[in-house]
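Chain by chain, the residues run as shown.
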Amino acid sequence: MLTLALVRASRALPAGVNAASPAGAGAFVHRRAFRPSATTSSTSTTSSASSAGCLSPVSSCAAAFGERLAISDRHGTATYGVLLRAAGRVARRIQRALGGDDGGNPASEAVAFLCPNDARYVAAQWATWLRGSVAVPLYHRHPRRELHYVAGDCGARVVLSTEEFAETAAGVAREMGVPHVTVMHSDVYGGGGGDDDDDGVGGGGATGGDWRERPAMIVYTSGTTGRPKGVLSTHGNLHAQVSCLLEAWEWSCDDVILHTLPLHHTHGIVNKLLCPLAVGASCVMLPEFDARQVWEHLLSGEASPRVNVFMAVPTVYARLIDYYDEHYTRPRVRDFVRGMCKEHIRLMVSGSAALPTPVLERWEEITGHRLLERYGMTELGMVLSNPLRGDRIPGTVGSPLPGVEVRIVMEAVSGGGESCKAIVQADSKSTRVTPGFEGKEGELQVSGPSVFKEYWRRPLETKEAFTSDGWFKTGDTAVYRDGTFRLLGRTSADIIKSGGYKISALEVEWNLLSHPDVTDVAVIGAPDSLWGQRVTALVVLRRGATLTLKQIKEWARERMVAYTIPSEMILMDELPRNAMGKVNKKDLLKKFFP
Ligand code: MLC
Ligand code: AMP
């Protein structure tokens, strides 16, 4: 996104700003990009940014957007220029904490950061990128064990946090023997100016090399093997992931998005933060999802800035519908809700899990907006999308985004060798279907510049994730019919999607098996109208032991990520296993949740 923004900004840079090195990189042209006007002042940051050269394109893009509002949150507001200066301060603080001398190449260093959803998150992310390092977002609701795992697995050289998470972050840093650095409230919101008053932008970043290849971010995702894997995306990958959305959904500098999703996953990071910041738009950030506050923002007559874009997972829309049904009961209020949404909102998107048609229909009834459903993945960014203009068909995810190629493959693997048969292949412009295979299902595979670089330090898993001809195997089953793609679910029952979070059933099982009273367990994703799926544990107990759901939840709280803790437990005498000793989860699902 950084370089994307640079390219966009470089088309209309204020005097004094140098379009640094990746000039000409990326062919993205957007007719509604921000053009600094005579009234847009170029701040002191601007000149610093130019002298920062190609440290990171973020410096140039933010400088070009200067005094425009970037983030509005519960603490105040921050312009692009303010964020850039804050990021510069934090970057230099990191530099000092590392002893001034990096002793290596910052481009290969991971910076793990623990920040709430507000402008300080952006300052931490940009500080990392100004240094040329890799940003690894941590999530404050995760138990310590998980934070230690992520920081350790990515090999963080520094742990960065805001003041309220300093104790936790310092603990992680101590255990790893690396410095802890603070993003201060005053760095972003003023009132003290941090620990130095130099407003330059430098931060000891890596220079040289091809910016596209430079590692940018590691996001952790669960799979069917081992602990969560770090998905490493380069700046080139993020650039591609952002630019296709800017084009397809016609992002403009006038947009204002309401941000309510966690910031350790693609949906919250790329779609809802990097996209607006790449065009000079504004982002109104709530610390977390809260139905009342979301409605207040969507309906507020006087709010400045006024929200006109919203994106969320299906569970969030279901929660908003529940709130509406409970609180907005009078016909006049309902007319008002519909009128405000129709008039002021231009785009409402759903993704990260299948959008149930009843939710789509009810949302349309309430707001007059047919949700735009799209499909994506941490490793890929967004892949398929319903159109911004044109028919959005319930239960479908549309067609490939610009720059993304997809194919549906039958029999991807057989007998140890690959015998792929691509029955459908498509990009944003055309679709080829092998005659006789329309409507046949297979694995969705993806190729293009947005596809991630590697699973961090896991060459074997990286290799296995791709076909021999270089396509990423999503593990999702898809079908192409009537001019659009549909997702039919995961090929593996070991992956559960609950409230938009991907959860590994195997990891939940490993955790539960460490309970002293549990001798056997199988975890399945039971269908659920609010969560999509809910984590359900079929448990065999040690002879004579008793265990309630409440007890297992309490036991798990310190050990497991909250949204992976089973919300349902079924006690069994034994688990049905086949001759190979395997539990057939699809059968269990049919049996218990027909
Ligand atoms: C919270 N809980 C969940 C849960 N979220 N349980 C299962 N699945 C979830 N997703 C648990 C809490 O721990 C709590 O347990 C109970 O449910 C009620 O919590 P809550 O406070 O009411 O929930 P809340 O915090 O409001 O969270 C709900 C939510 C959240 C929907 C806002 O889950 C969320 O932000 N989901 C979005 C995830 C996301 O961003 N995914 C994108 C991945 S990227 P207890 O026991 O304490 O009561 C991706 C690619 C793509 O998928 O295509 O976008
Ligand atoms: P994650 O690995 O957390 O990035 O989640 C990616 C997964 O979410 C995909 O592989 C799909 O299984 C699922 N997903 C995302 N969007 C959709 C959608 N619109 N419909 C169905 N599944 C989706």
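Just so it is clear, the structure is predicted and the values come from calculations on it, not from any experiment.

Q: Sorry if this is basic, but what is going on with the overall build of the protein chain here?
A: The helix and strand tally for the protein chain stands at 18 helices and 29 strands. The buried share of the protein chain, taken over its 594 residues, is 59%. Considering only contacts in the protein chain between residues 6 or more positions apart, those separated by 24 or more positions represent 68%. Surface exposure of the protein chain reaches about 23,100 Å², of which carbon and sulfur atoms provide 49%.

Q: It is not clear to me how the site of ligand 2 should be interpreted in this structure. Could you clarify?
A: Of all residues adjacent to ligand 2, which total 16 residues, the nearest are Glu373, Arg374, Thr378, Asp476 and Lys497. At a separation of 2.9 Å, an oxygen atom of ligand 2 approaches a polar side-chain atom of Arg490. A distance of 2.9 Å separates an oxygen atom of ligand 2 from a polar atom in the side chain of Lys502. For ligand 2, whose free accessible area comes to 500 Å², the fraction covered by protein is 92%. Of all the secondary structure elements, the ones that give two or more residues to the shell around ligand 2 are strand S13 (372-377) and strand S24 (484-490). The biggest single contributor to the shell around ligand 2 is S13, with five residues.

Q: How should I be thinking about the site of ligand 1 in this particular structure?
A: Around ligand 1 sit 26 residues, and of these Arg319, Ser352, Arg374, Lys497 and Ser498 come closest. Separating an oxygen atom of ligand 1 from a side-chain N or O atom of Arg141 is a distance of 2.9 Å. A distance of 2.9 Å is found between a nitrogen atom of ligand 1 and a backbone nitrogen or oxygen belonging to Gly499. Listing elements by their share of the shell around ligand 1, those giving two or more residues are helix H10 (266-279), helix H12 (314-327), S13, strand S25 (495-498) and helix H17 (549-557). Grouping the constituent residues of the shell around ligand 1 by class yields eleven nonpolar, nine polar and six charged.

Q: Looking at this model, I keep getting lost on the nonpolar core. Mind explaining?
A: The nonpolar side chains of soluble globular proteins are, as a tendency, buried together. By size, the foremost hydrophobic cluster in this structure holds 90 residues, and its most contacted members are Ile71, Trp126 and Phe485. Residues from two domains meet in this core; each of domain 1 (10-258) and domain 2 (404-491) gives at least three. One finds Val294, Leu299, Val337 and Ile345 within the second-largest nonpolar core, a separate group that totals 32 residues.

Q: Explain the environment of Gly489 to me, please; I cannot follow it from the model alone.
A: For Gly489, the position within the fold is in strand S24. Taking the C-alpha atoms as reference points, Gly489 and Ala478, eleven residues apart in sequence, are found 7.6 Å from one another. Beyond its immediate sequence surroundings of up to four residues, Gly489 is in contact with Gly475, Asp476 and Thr477.

Q: Which parts of the structure should I look at to understand the packing of aromatic side chains?
A: Geometrically, a pair of aromatic rings is defined through the distance of the ring centres and the angle of the planes. Taken as a whole, this structure holds 17 aromatic pairs when the rule is applied. An aromatic cluster is present here, built from Trp295, Phe310, Tyr317, Tyr323, Tyr324, Tyr328 and Trp363 joined pairwise through their rings. The ring of Tyr149 is capped by Arg227, whose NZ or CZ atom sits 4.2 Å from the centre of that ring. One Lys or Arg, Lys229, reaches over the ring of Tyr455 and ends 4.9 Å from the middle of that ring.

Q: Mind showing me how you'd approach H17 here?
A: Along an α-helix, residues three or four positions apart point the same way, because every turn accommodates 3.6 residues. Residues of H17 that are buried include every one of Ile552, Trp555 and Ala556, and no others. The arc that holds the buried residues of H17, viewed along the axis, is 95°, so those residues lie on one side. Residues of H17 that are exposed and point over 90 degrees away from its buried face: Lys550 and Arg557. Packing partners of the buried residues in H17 comprise helix H16 (505-513), strand S27 (518-528) and strand S29 (568-572).

Q: Explain the sheet that holds strand S23 (residues 472-481) to me, please; I cannot follow it from the model alone.
A: Remark on secondary structure: sheet strands pair via backbone hydrogen bonds, oriented parallel or antiparallel. Taken in spatial order, the six strands line up as S20-S19-S16-S21-S23-S24 in an open sheet, and their pairing is antiparallel. Both edges of this open sheet fall to strand S20 (431-433) and S24, since each of them pairs with a single strand only. Mean inter-strand twist for the sheet, computed between neighbouring axes without regard to direction, equals 40°. As paired strands, strand S21 (residues 441-447) and S23 are joined by five bridges and run antiparallel to one another. By the bridge assignment for S23, Gln445 is matched with Lys473.

Q: Looking at this structure, how should I read the pairing of S21?
A: Consecutive side chains along a regular strand alternate between the two faces of the sheet. Burial within S21 is extensive, with six of its seven residues counted as buried. Sheet analysis places strand S16 (residues 405-410) next to S21, joined by five bridges and oriented antiparallel. For Val409, the partnering residue across the bridge sits in S21 and is Glu443.

Q: Sorry if this is basic, but what is going on with the packing of helix H9 (residues 235-248) against H10 here?
A: Think of two packed helices as two axes; the pair is described by the angle between the axes and how far apart they sit. The contact between H9 and H10 brings their axes to 10 Å, and the two run at 80°. With respect to their mutual orientation, H9 and H10 come out roughly perpendicular. Contacts between H9 and H10 pair Leu238, Gln241, Val242, Leu245 and Leu246 from the former with Val270, Asn271, Leu274, Cys275, Ala278 and Val279 from the latter. When grouped by side-chain class, the residues that make up the contact of H9 with H10 number nine nonpolar, two polar and no charged.

Q: When you look at the pattern of salt bridges in this model, what are you seeing that I'm missing?
A: Note on pairing: side chains with opposite charge can pair once their charged atoms come close. All chains considered together, the criterion is met by 27 salt bridges. Notably, a salt bridge pairs Glu250 with Arg389, separated by 2.5 Å at the nearest N-O pair. Within this pair, whereas Glu250 is found in the loop between H9 and strand S9 (256-259), its partner Arg389 is found in the loop between strand S14 (381-385) and strand S15 (399-400), the two being separated by 139 residues in sequence. Several salt bridges share partner residues, and in doing so they unite Asp325, Arg334, Arg362 and Glu365 into one network.

Q: Looking at this structure, I do not really get the side chain of Arg407. What am I missing?
A: Looking at where Arg407 falls in the secondary structure, it is placed in strand S16. At a separation of 3.0 Å, a polar atom in the side chain of Arg407 contacts the side chain of Asp469. What Arg407 contacts, discounting residues up to four positions off in sequence, is Cys420, Ala422, Val424, Gln425, Glu443, Leu444, Gln445, Thr467, Asp469 and Trp471.

Q: I keep staring at unusual backbone geometry and nothing clicks. Help me out?
A: Peptide bonds are trans in most cases, and residues, glycine excluded, mostly fall at negative phi. Even without glycine at this site, Glu250 takes up a positive phi of about 50°. In the Ramachandran plot, Asp482 falls in the positive-phi region, its phi being about 50° despite a non-glycine side chain. By the element assignment, Asp482 lies in the loop between S23 and S24.

The rules behind each value
- Residues numbered from 1 in each chain as written.
- Chains lettered and ligands numbered in written order.
- Predicted model: local features only at pLDDT ≥ 70, side-chain atom pairs only at ≥ 80, totals over all residues.
- Heavy atoms only, no water.
- Helix = DSSP H or I, 4+ residues; strand = E, 2+ residues; numbered from the N terminus.
- Buried < 20%, exposed > 50% of the residue type's maximum accessible area, 1.4 Å probe, protein only.
- Contact = heavy atoms within 4.5 Å.
- Areas by Shrake-Rupley, 256 points an atom, 1.4 Å probe, with all protein chains shown as cover.
- Near = heavy atom within 4 Å.
- Polar contact = N/O pair within 3.5 Å; in protein donor to acceptor, adjacent residues only side chain to side chain.
- Nonpolar A, V, L, I, M, F, W, Y, C, P; charged D, E, K, R; others polar.
- Core = buried A, V, L, I, M, F, W, Y, C linked by side-chain atoms within 4.5 Å.
- Domains from an automatic or database assignment.
- Phe/Tyr/Trp six-rings, centres within 6.5 Å; stacked < 30°, edge-to-face > 60°.
- Lys NZ or Arg CZ within 6 Å of the ring centre and 35° of its normal.
- Arc of directions from axis to C-beta.
- Pairing = 2+ DSSP bridges.
- Axes fitted to C-alpha atoms, helices over the stretch in contact; angles between N-to-C directions.
- Parallel < 35°, antiparallel > 145°, perpendicular 65-115°, else oblique.
- Salt bridge = Lys/Arg side-chain N within 4 Å of Asp/Glu carboxyl O.

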